[in-house]
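Below are the chains, spelled out letter by letter.
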Amino acid sequence: MPPGNLGFHSLREERACDLRVEGEVPGWLSGSLLRNGPGAFEMGEAAVDHWFDGLAMLHRFTFGDDGVAYRNRFLRTDAYAAARAGRFDGGFATGEAGLLARLKRFLLDDPYDNANVIADRIGGEYLALTETPRWVAFDPETLTTRGHVRYDGDAPTGQLACAHLNRDPDGRAVNFETRFGRTNYYHVYEMTDPRNRTPVASVPVDEPAYMHSFGLTPNYVVLTEFPFVVDPLDFFKPGTRGPFVQHYEWKPDRGTRFLVIDRTAGEVVADPRTDAFFGFHHANAYEDGDVLVVDLETVPGAASIETLYIDRLRAGDLDVFGGRLERFRVDPAAGTVDRRTVYEGGTALPTVSPARWCRRHRYVYAQGTEQPVTEWPQRVVKIDVETGRVVEFADGDNHFGEPLFVPRPGGDAEDDGVVLTVMLDVAAEHSWLVVLDGQSFDERARAAVPHAIPFDFHGRFFPELVP
Ligand SMILES: [Fe+2]
């Protein structure tokens, strides 16, 4: 396998070990980075077709006085058991029946549980999340799978979840689910505990859009409704087959709509449209007076999903438009939205300091790519959205994952802290956990992981998970 494709290999081993560290990890850094992503694309006779469908694997990097410890483990899900038995039941873009069939049988069956998008904590529970409302709980120390968590209260629910919940400054988690039925809805809710929901709003919609994340401010929920939509009648027609995502259609004439939901009133207060675009990740949102500022990574259309099939990725056939960080200013009173590019370069997986979620931020961190993308990201970038200044970190041909900022406890400046990112060393054929200085973006330390971690999706840093 060419080294550049090592990020798409199937990692089968599960390890627990201390890591050899080069450089110096700041003494204040204490806690654990938990990351989630596809660990394997083949298992026995079973194989998946799409990067998004790799079997969920958790990785834990723990920082303490004795250095950096590492552990990785597959989630023991129904999807994992099925794959071990030589069967892959399907997911986002793999399988003839898969998620779609499971959506149809939703009330009678257990939805797809390959929760490989992110690891998060809701209330006291650590959960692996994906786009079905069936979460997988795990032990944050051992990464052992504890079982499924399903909400079964009275709040309205949907068959499709948004993979990325948001957290407001009061610590409440906010998310939405899409309900397919005679009338379709986006059901928005808040929770402080996975088994307790407070409904915020239910928005009827003709053709639900595929939305992987959304914007949250202290007073508003902003659903960026891309024109990548599904006709639910087609979705549920008898005999309908094929992978889930292939039922969505790109309808640029609809434009992209910003659904602004007042969290107190529980209703849509504005829904301005702009030109059609697609995107996966909101970097952050906040209120600037009466205007809502939404920083979002956009792509011109939904075609990028097609380029993320494993065969194409392994063949190095990666000619797509990279993400572009854009700023949208939504004025609910005027019913308008305006748009400007923040950074002309290609980006992927943008993040801000968790201390700035729902608040005004100055710095966005992201993987940096060429434009168009021809190589998996070979740098990480720090973008100053006020001045436009961009600082990069690269290390030869090595590839980087999502950069996450960890604030220094007691620090004042927004960028006083470190950035953690997993780097795939293509020559040495293993990964490193790299610690960058949040301000200078210089390397502070790197810790050698004993294997190559396949390119993953998202992580969170948990200060409470100490050695
Ligand atoms: Fe994501």
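Peer 1: Could you give an account of the coordination of the iron ion, with specific residues and numbers?
Peer 2: Under ideal tetrahedral coordination, the four donors around a metal are separated by 109.5 degrees; under ideal octahedral coordination, the six donors are separated by 90 or 180 degrees. Of the protein atoms, only His-164 (NE2), His-212 (NE2), His-281 (NE2) and His-458 (NE2) coordinate the iron ion, at distances of 2.1 Å. Its four donor atoms give the iron ion angles of 90 to 164° at the centre, a pattern that matches the irregular case. Here the donor residues for the iron ion map to a single chain with the spacing H-x47-H-x68-H-x176-H. Residue His-281 is located in the loop between strand S22 (273-274) and strand S23 (282-288), and its partner His-458 is located in strand S35 (residues 458-462); the two are separated by 177 residues in the primary sequence. An identical accessibility class is assigned to His-281 and His-458; each is buried.

Peer 1: So what's going on with the packing of aromatic side chains? Residues and values would help.
Peer 2: Two descriptors summarise a pair of aromatic rings, namely the distance from one centre to the other and the angle between the planes of the rings. Within this structure, the stated rule accounts for 31 aromatic pairs. Geometrically, the ring pair formed by Trp-51 and Phe-52 is tilted, given 5.8 Å between the ring centres and 40° between the ring planes. The two residues Trp-51 and Phe-52 agree in class, both being buried. Judged by centre distance (5.7 Å) and plane angle (80°), the rings of Phe-176 and Phe-214 are edge-to-face.

Peer 1: Tell me about the sheet that holds strand S29 (residues 390-394), and please be specific about residues and values.
Peer 2: Sheet architecture is open: seven strands sit in the order S23-S24-S25-S26-S27-S28-S29, paired in antiparallel fashion. The sheet is open, and its two edges are formed by S23 and S29, each paired on a single side. Adjacent strand axes in the sheet meet at a mean angle of 25°, parallel and antiparallel pairs treated alike. Inspection of the sheet shows strand S28 (residues 379-384) paired to S29 by five bridges, in the antiparallel sense. Bridge pairing in S29 places Arg-379 opposite Ala-394.

Peer 1: An account of the nonpolar core is requested, with residue identities and associated values reported.
Peer 2: A general feature of soluble globular proteins is that nonpolar side chains tend to end up buried together. In terms of nonpolar packing, the biggest core is built from 75 residues, with Trp-51, Tyr-186, Leu-223 and Phe-278 touching the most fellow members. The next biggest cluster of nonpolar side chains, apart from the first, holds 20 residues, and it includes Cys-17, Tyr-70, Val-418 and Val-422.

Peer 1: Can you tell me about the confidence of the model for the protein, naming the residues and giving the values?
Peer 2: Scored by pLDDT, the protein comes out at a mean of 91, with 92% of its residues at no less than 70. Low pLDDT, under 50, characterises residues 104-108; the stretch is placed with ten contacts to residues that sit more than four places away or in other chains.

Peer 1: Give a description of the sheet that holds strand S9 (residues 135-138) that names residues and reports values.
Peer 2: What the four strands build is an open sheet, ordered S7-S8-S9-S10; its pairing is antiparallel. A single partner strand is all that each edge strand has here, and the edge strands are strand S7 (118-122) and strand S10 (145-149). When the angles between neighbouring strand axes are averaged without regard to direction, this sheet yields 35°.

Peer 1: Give me the lowdown on the environment of Thr-256, citing residues and values where you can.
Peer 2: Along the chain, the position of Thr-256 falls in strand S20 (residues 256-262). Residue Thr-256 is classed as buried on the basis of its relative accessible area of 0%. Remark: the alpha-carbon pair of Thr-256 and Glu-141, spanning 115 residues in sequence, is separated by 42 Å. Beyond its immediate sequence surroundings of up to four residues, Thr-256 is in contact with Thr-224, Glu-225, Phe-226, Pro-227, Pro-272, Arg-273, Thr-274, Asp-275, Ala-276 and Phe-277. In this structure the side chain of Thr-256 is engaged in a polar contact, spanning 2.9 Å, whose partner is the backbone oxygen of Phe-277.

Peer 1: Mind laying out the side chain of Arg-60, listing which residues take part and the relevant values?
Peer 2: For Arg-60, the location among the structural elements is in strand S5 (residues 55-64). Residue classification places Arg-60 among the buried residues on the basis of a relative accessible area of 5%. At 3.4 Å, the side chain of Arg-60 forms a polar contact with the side chain of Ser-32. Looking at Arg-60, its side chain comes within polar contact range of the main-chain oxygen of Pro-140, at 2.5 Å. Leave out the neighbours within four places in its chain, and Arg-60 touches Ser-32, Leu-33, Leu-34, Ala-69, Tyr-70, Arg-71, Pro-140, Glu-141, Leu-143, Leu-465 and Val-466.

Peer 1: Hey, could you go over the pairing of strand S13 (residues 173-179) for me, with residue numbers and the actual values?
Peer 2: With six of seven residues buried, S13 is to be regarded as a mostly interior element. Sheet topology places strand S11 (residues 160-161) next to S13; two bridges connect them, and they run antiparallel. The partner of Leu-160 across the bridge, within S13, is Thr-178. Summarising the sheet, strand S12 (residues 166-167) and S13 pair through two bridges and their orientation is antiparallel. Bridge pairing in S13 links Asn-166 to Val-174. Hairpin connection, S12 to S13: the antiparallel pair is bridged by five residues, and Gly-171 has positive phi, about 90°. Where S13 and strand S14 (residues 184-193) come together, seven bridges link them in antiparallel fashion. Bridge pairing in S14 links Ala-173 to Met-191.

Criteria and thresholds
- Residues numbered from 1 in each chain as written.
- Predicted model: local features only at pLDDT ≥ 70, side-chain atom pairs only at ≥ 80, totals over all residues.
- Heavy atoms only, no water.
- Donors = N, O, S within 2.8 Å, 3.2 Å for Na, K, Ca; no water.
- Tetrahedral: all angles 85-135°; square planar, octahedral: opposite > 155°, others 65-115°.
- Helix = DSSP H or I, 4+ residues; strand = E, 2+ residues; numbered from the N terminus.
- Buried < 20%, exposed > 50% of the residue type's maximum accessible area, 1.4 Å probe, protein only.
- Phe/Tyr/Trp six-rings, centres within 6.5 Å; stacked < 30°, edge-to-face > 60°.
- Pairing = 2+ DSSP bridges.
- Axes fitted to C-alpha atoms, helices over the stretch in contact; angles between N-to-C directions.
- Core = buried A, V, L, I, M, F, W, Y, C linked by side-chain atoms within 4.5 Å.
- pLDDT = per-residue confidence, 0-100.
- Contact = heavy atoms within 4.5 Å.
- Polar contact = N/O pair within 3.5 Å; in protein donor to acceptor, adjacent residues only side chain to side chain.

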